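Each chain, written out:
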Amino acid sequence: MVKVFMGLPGSGKTKHLVELVNNAVENESGNVVCIEMGQKLRFDLNHNAKLVDITEYDFVNSFETLFAFVTGMYAGNYDITHIFIDSTLKISHNDDVAAIERFLEQLDAFNAKTGVKFTVSLSTDIARATDKIKKYF
């Protein structure tokens, strides 16, 4: 499962993400990871969620390196059941629709192999969503 939610900055995506992470920690049986830029969520998330400040990893600067980072995390911990990614476009330094589509397809294929669920927030106008992106809403 890959779930995407989109909206312009200030539309409540991060607040919604916090609720989803905390709900996942309470209701899922594996490790829950939240990747974000900085540590702004550290007091909002359940302490059982693994919070990853992606700014500590300078090499993560594209969709390709973000995907490699995610798969590497899983390789080191097969108990991960759900990965949340906040500020995905800022992390990847890319808001190209075709690149977003490819990234989501990669996550979907990884989910099919491993069962890891993904929830991704995209800070952009929802009107930019193509059919390939909308299938993950």
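Residues numbered from 1 in each chain as written. Predicted model: local features only at pLDDT ≥ 70, side-chain atom pairs only at ≥ 80, totals over all residues. Heavy atoms only, no water.

Caption draft 1: Spotlight on the sheet that holds strand 4 (residues 80-85). One open sheet holds the 5 strands; their spatial order is 1-5-4-2-3, and the pairing between them is parallel. The two strands at the open ends of the sheet, each matched to only one other strand, are strand 1 (2-7) and strand 3 (50-53). The sheet shows a mean angle of 15° between the axes of neighbouring strands, direction not considered. Here helix 2 (residues 63-76) sits on the sheet and contacts strand 2 (31-36), strand 3, strand 4 and strand 5 (117-123); the angle it forms with strand 4, its principal contact strand, is near 155°. Strand contacts of helix 4 (residues 97-114): strand 1, strand 4 and strand 5, with the helix running at about 165° to strand 5, the strand carrying the most contacts. (Pairing = 2+ DSSP bridges. Helix = DSSP H or I, 4+ residues; strand = E, 2+ residues; numbered from the N terminus. Axes fitted to C-alpha atoms, helices over the stretch in contact; angles between N-to-C directions. Contact = heavy atoms within 4.5 Å.)

Caption draft 2: Spotlight on the nonpolar core. Among the nonpolar cores identified, the biggest contains 34 residues, and Val4, Ile35, Ile83, Ile85 and Leu104 are the most heavily contacted of them. Of all elements in the fold, only strand 1, strand 2, helix 2, strand 4, helix 3 (88-92), helix 4 and strand 5 reach the threshold of two or more residues within this core. In this view, leucine 104 contacts Val2, Val4, Ile133 and Tyr136; residues no more than four positions away in its chain are not counted. Counting 13 residues, the second-largest nonpolar core is a separate cluster that includes Leu17, Leu41, Leu51 and Phe84. (Core = buried A, V, L, I, M, F, W, Y, C linked by side-chain atoms within 4.5 Å. Buried < 20%, exposed > 50% of the residue type's maximum accessible area, 1.4 Å probe, protein only.)

Caption draft 3: Quick peek at the side chain of lysine 13. Along the chain, the position of lysine 13 falls in helix 1 (residues 13-27). No salt bridge is formed by the buried lysine 13; the nearest opposite charge belongs to aspartate 86, separated by 6.8 Å. Polar contacts involving the side chain of lysine 13 include one to the main-chain carbonyl oxygen of leucine 8, which spans 3.1 Å. Here lysine 13 is in contact with Phe5, Met6, Gly7, Leu8, Leu122 and Ser123, once residues within four sequence places are set aside. (Lys, Arg positive; Asp, Glu negative; His and termini not counted. Salt bridge = Lys/Arg side-chain N within 4 Å of Asp/Glu carboxyl O. Polar contact = N/O pair within 3.5 Å; in protein donor to acceptor, adjacent residues only side chain to side chain.)

Caption draft 4: Local environment of the environment of histidine 16. Inspection of the secondary structure puts histidine 16 in helix 1. Judged by its relative accessible area of 34%, histidine 16 falls in the partly exposed class. Residues histidine 16 and phenylalanine 5, 11 residues apart in the sequence, show an inter-C-alpha distance of 9.2 Å.

Caption draft 5: Local environment of the environment of lysine 135. Checked against the element boundaries, lysine 135 lands in the segment after helix 5 (131-134). A residue is classified by how much of its surface remains accessible, and lysine 135, at 57% relative accessible area, is exposed. A C-alpha to C-alpha distance of 8.8 Å links lysine 135 and lysine 3, two positions 132 residues apart in sequence.

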